[in-house]
Amino acid sequence: MKILVTVKEVATVEDEFEIEGTEITDQYLGADLNEWDDYAIEEAVQLQEDGIADEVVTVTIGSEECEQTIRQALAKGADRAVRVWDDSLEGVDLLDVNAKTEILSAVIEEEDPDLVLTGVQAGDDSFAATGVSVAENLGFQWGAVVNHLEHDFDDGVASVRRELEGGVEELTDIELPAVLTIQTGINEPRYASLRGIRQAQRKELDVKALADIGVDESTIESELTLTDMYEPESESDATVWEGSADETAAELGELLRDKGVAQ
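Residues numbered from 1 in each chain as written. Predicted model: local features only at pLDDT ≥ 70, side-chain atom pairs only at ≥ 80, totals over all residues. Heavy atoms only, no water.

- As recorded in an unreviewed UniProt entry, the protein goes by Electron transfer flavoprotein subunit beta/FixA family protein and comes from Natrinema zhouii.

Structure, rendered in structure tokens:
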């Protein structure tokens, strides 16, 4: 079995930051591997360790600057990586789901995996739609928000447990090839070992332009425009009293009476 995992470098933001126009000032930004993708990587590597998968390949859409971040997946056990980038992607503020779908679908068709794992969402844009959109585009079966995957694929079927609304969980069988979007908590992602980090530098990372995978530049023309960015105002009606329990008990009792909680 061949597994392909989509990965993404996302921006991290300090607790205190400033916004200029529609961007957070660079000095307050860092970068890391998307949290949900980390769980997807771990699940794929565990399947390989259990002898179920023969190869784990990762794919990302990003510039050369993200290579060190996405090599974390190689350091954790993935065999090789594909990075898609093109001059036409420079300056694109918001790559929408349709564009990501076309690019990732082209790579998947070329790689021909049996199973595709994606994170449920990305920590930056939080669309939470790319995995399912890719499955629909390719005609693959899919399972969204998967929080348990049986490591037993009898007759090319994946048995999964997935989260639904209201805390309900669904047990279902999904025929391969399939796309599963992986939820946090499905496993415990490992830390990359020093040996794994050294090996990752020698593992194959293939860079492809849009033309290399048969995707036209017009695909990235988005109908979405980022018009504003602001820090939401937070409101709190919490009341804090200072002093001992004896000193504040009367004040608490009065507040509860005012709120109609106590008589």
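Once you've had a look at it, read on.
**Some points on the layout of surface pockets**
Thought 1: Reported here for the second largest pocket is a volume of approximately 280 Å³.
Thought 2: Around the second largest pocket, the lining is made up of 16 residues, and of these Asp32, Leu33, Glu35, Asp38 and Lys76 lie nearest the centre.
Thought 3: Looking at the lining of the second largest pocket, the elements that each hand over two or more residues are strand S2 (9–13), strand S5 (29–33) and helix H1 (35–49).
Thought 4: For the lining of the second largest pocket, a count of residues per class yields six nonpolar, four polar and six charged. (1 Å grid on protein atoms, 1.4 Å probe; cavity = no way out; pocket = protein on both sides within 12 Å on 5 of 7 lines; lining within 4 Å. Points joined across faces, edges and corners; volume = space filled by probe spheres on them. Helix = DSSP H or I, 4+ residues; strand = E, 2+ residues; numbered from the N terminus. Nonpolar A, V, L, I, M, F, W, Y, C, P; charged D, E, K, R; others polar.)

**Overview of the UniProt feature "domain: Electron transfer flavoprotein alpha/beta-subunit N-terminal" (unreviewed entry) in the protein**
Thought 1: According to UniProt, the feature "domain: Electron transfer flavoprotein alpha/beta-subunit N-terminal" (unreviewed entry) maps to residues 21–217 in the numbering used here.
Thought 2: Counted over residues 21–217, helix gives 28% and strand 28%. Its end C-alpha atoms are 27 Å apart. (UniProt positions renumbered as here; feature names shortened; annotations may be inferred.)

**As for the pairing of strand S8 (residues 115–119)**
Thought 1: Of all five residues that make up S8, five are buried, and the element is covered over most of its length.
Thought 2: Judged by which residues are buried, S8 turns out to be covered on both faces: Leu115, Leu117 and Gly119 on one side and Val116 and Thr118 on the other are all buried.
Thought 3: The sheet contact formed by strand S1 (residues 2–6) and S8 spans three bridges and is parallel. Pairing of isoleucine 3 across the sheet is with leucine 115, part of S8.
Thought 4: With five bridges joining them, S8 and strand S12 (residues 178–182) adopt parallel strand pairing. By the bridge assignment, glycine 119 is partnered in S12 with isoleucine 182. (Buried < 20%, exposed > 50% of the residue type's maximum accessible area, 1.4 Å probe, protein only. Pairing = 2+ DSSP bridges.)

**A short note on helix H3 (residues 97–111)**
Thought 1: Between its first and last C-alpha atoms H3 spans 21 Å; for 15 residues at 1.5 Å apiece the expected length is 21 Å, and the two agree.
Thought 2: Most of H3 sits out of view: eleven of its 15 residues are buried.
Thought 3: All buried positions along H3 are accounted for by Val97, Ala99, Lys100, Thr101, Ile103, Leu104, Ser105, Ala106, Val107, Ile108 and Glu111.
Thought 4: Its side-chain oxygen at 3.3 Å from the backbone nitrogen of asparagine 98, aspartate 96 defines the N-terminal cap of H3.
Thought 5: Following H3 by one or two positions, aspartate 112 adopts a phi angle in the positive range, close to 55 degrees. (Expected span 1.5 Å × (residues − 1). Polar contact = N/O pair within 3.5 Å; in protein donor to acceptor, adjacent residues only side chain to side chain.)

**Looking at a negative patch on the surface**
Thought 1: Residues Glu64, Glu65, Asp87, Glu90, Asp216, Glu217 and Glu221 make up a contiguous surface patch of negative charge.
Thought 2: Note on placement: glutamate 90 falls in the loop between strand S7 (80–84) and H3. (Patch = residues over 30% accessible without salt bridge, like charges linked within 9 Å, V, L, I, M, F, W, Y side chains within 5 Å. Areas by Shrake-Rupley, 256 points an atom, 1.4 Å probe, with all protein chains shown as cover. Salt bridge = Lys/Arg side-chain N within 4 Å of Asp/Glu carboxyl O. Lys, Arg positive; Asp, Glu negative; His and termini not counted. Charge placed at Lys NZ, Arg CZ, Asp CG, Glu CD.)

**Considerations on the sheet that holds strand S9 (residues 141–149)**
Thought 1: Spatially, the nine strands line up as an open sheet ordered S11-S10-S9-S12-S8-S1-S6-S7-S13, and their pairing is mixed. The sheet terminates laterally at strand S11 (169–175) and strand S13 (205–208), the two strands that pair on one side only. Going from strand to strand, the sheet's axes swing by 30 degrees on average, the running direction of each strand aside.
Thought 2: Lying over the sheet, H1 contacts S1, strand S6 (55–61), S8, S9 and S12, oriented at roughly 150 degrees with respect to S8.
Thought 3: Along the sheet, helix H4 (residues 130–138) makes contact with S8, S9 and S12, crossing S9 at roughly 140 degrees. (Axes fitted to C-alpha atoms, helices over the stretch in contact; angles between N-to-C directions. Contact = heavy atoms within 4.5 Å.)

**Side note on the side chain of aspartate 86**
Thought 1: Structurally, the position occupied by aspartate 86 is in the loop between S7 and H3.
Thought 2: An unpaired buried charge is present at aspartate 86: no salt bridge exists, and arginine 83, the closest side chain of opposite charge, is 10 Å distant.
Thought 3: Sequence-distant contacts of aspartate 86, that is, excluding residues within four places in its chain, are made with Ala209, Leu210, Ala211 and Glu217.

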